Amino acid sequence: SNSTLVVVGPATIVVEQFRVKSNSKLVADTTNGPVKLYATNEFTMDSNTLVGPVNRRPKDLSVYITGVGELGESAELLSNDEFVGTIYAPHAPVIINSNSSIYGAVIAKDLVLDSNAAVHIDMSLYDDEDKNRVPTILSWTKSAMPSDLT
């Protein structure tokens, strides 16, 4: 914890699990090319962490959760985190806890947003023909209201 890791691109990193400890940063220097991180199991940002490229362009940092939904794969941002980039997890949940934000884009099996969590879609990631479209909800689950609200 309380450390900074700088990854100089172009770079491809493949790991089973990737965790950024509390109060730490993963910074991508993408001056010479993008950084791609493949996690076969999970990607976790502990509380108060920052992950992103120095130039703050989401297209320069991508995280891929590559499992097929059998090992408990996930991407999770704990509280007060900031992620700048793209997360591709078509077979895994992406969980964004309290006061955390993603700037870029997310593709996930399930997207869970806790209180004050946010996903800010970067429209520069879209192709010109896609710029007039907006993100679409493909499905949702109806949840019971908490008993103190009914």
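Along each chain, residues carry numbers from 1 onward, in the same order as the chain's sequence is written. Only residues with pLDDT of 70 or above have their local features reported here, since the model is predicted, and side-chain atom pairs are shown and tallied only from 80 upward, although totals for entire chains, interfaces and linings are computed over all residues. The basis for the side-chain values is all heavy atoms of the structure; hydrogens and waters are excluded.

Visitor: Would you explain the packing of aromatic side chains in this entry?
Guide: Aromatic ring pairs: the centre-centre distance and the angle between the two ring planes describe each pair. Only rings of Phe, Tyr and Trp enter the pairing, Trp through its six-membered ring, and a pair is recorded when the two centres are within 6.5 Å. The plane angle decides the type: under 30 degrees is stacked, over 60 is edge-to-face, the rest tilted. Across all of its chains, the model carries 4 aromatic pairs by this definition. For the ring pair Tyr-38 and Tyr-64, a centre distance of 4.6 Å and an interplane angle of 10 degrees mean the geometry is stacked. With Tyr-38 in strand β4 (residues 35-45) and Tyr-64 in strand β6 (residues 61-65), this pair connects stretches of sequence that are 26 residues apart. Only protein chains enter the calculation, and the probe is 1.4 Å; a residue is then buried if its accessible area is under 20% of its type maximum, exposed if over 50%, and partly exposed in between. With relative accessibility at 21%, the residue Tyr-64 sits in the partly exposed group. Helical segments are the DSSP runs of H or I of at least four residues, strand segments are the runs of E of at least two, and each set is numbered from the N terminus.

Visitor: Can you walk me through the side chain of Asn-97 in this structure?
Guide: Within the element layout of this structure, Asn-97 appears in the loop between β8 (82-96) and β9 (101-113). Classification of Asn-97 as buried rests on a relative accessible area of 16%. Counting of polar contacts relies on pairs of N or O atoms within 3.5 Å, with two restrictions inside protein: one atom must be capable of donating a hydrogen and the other of accepting it, and residues adjacent in sequence are counted only when both atoms are side-chain atoms. For Asn-97, the side chain forms a polar contact with the side chain of Glu-76, separated by 2.9 Å. Contact criterion: two residues are considered in contact whenever any of their non-hydrogen atoms come within 4.5 Å of each other. In this structure, Asn-97 is in contact with Glu-76, Leu-77, Leu-78, Ser-79, Asp-114 and Ala-117, ignoring residues within four places of it in sequence.

Visitor: Would you mind showing me how to read the environment of Ile-13 here?
Guide: Mapped onto the fold, Ile-13 is located in strand β2 (residues 11-20). Residue classification places Ile-13 among the partly exposed positions, given a relative accessible area of 27%. Residues Ile-13 and Ala-39, spaced 26 residues apart in sequence, show a C-alpha to C-alpha distance of 8.3 Å. In this structure, Ile-13 is in contact with Val-7, Lys-36, Leu-37 and Tyr-38, ignoring residues within four places of it in sequence.

Visitor: It is not clear to me how the environment of Asn-23 should be interpreted in this structure. Could you clarify?
Guide: Its location among the elements puts Asn-23 in the loop between β2 and β3 (25-29). Linking Asn-23 and Thr-4, residues 19 residues apart in sequence, is a C-alpha distance of 9.1 Å. Beyond its immediate chain neighbours, meaning those up to four positions away, Asn-23 contacts Asn-2, Ser-3, Ser-47, Asn-48 and Thr-49.

Visitor: What is the right way to look at the nonpolar core in this model?
Guide: The nonpolar side chains of a soluble globular protein tend to be buried with one another. The term nonpolar core refers to a set of buried residues drawn from Ala, Val, Leu, Ile, Met, Phe, Trp, Tyr and Cys, joined through side-chain atoms within 4.5 Å. Phe-43, Val-51, Ile-65, Phe-83 and Ile-87 are the most contacted members of the largest nonpolar core, which has 25 residues in total. Contributions of two or more residues to this core are made by β2, β3, β4, β6, β7 (74-77) and β8. Top element by residues in this core is β8. It accounts for 6 residues. Residue contacts for Val-51: discarding those within four places in its chain leaves Val-20, Leu-26, Phe-43, Met-45, Leu-61, Glu-82, Phe-83 and Val-84.

Visitor: Looking at this structure, how should I read the environment of Asp-29?
Guide: With respect to the helices, strands and loops of the structure, Asp-29 is situated in strand β3. Expressed as a C-alpha distance, the spacing of Asp-29 and Pro-10, which sit 19 residues apart in the sequence, is 8.6 Å. With near-sequence residues (within four places) excluded, Asp-29 lies in contact with Val-6, Val-7, Val-8, Gly-9 and Val-54.

Visitor: Would you mind going over unusual backbone geometry with me for this structure?
Guide: In the segment running from Gly-9 into Pro-10, the intervening peptide bond is cis, with an omega of 5 degrees. On the secondary structure map, Pro-10 appears in the loop between β1 (4-8) and β2. Even without being glycine, Arg-56 reaches a positive phi, approximately 60 degrees. If you trace the backbone, Arg-56 turns up in the loop between β5 (50-53) and β6. The partly exposed category is assigned to Arg-56, whose relative accessible area is 45%. Even without being glycine, Asn-116 reaches a positive phi, approximately 60 degrees.

In short, geometric facts, not functional conclusions.
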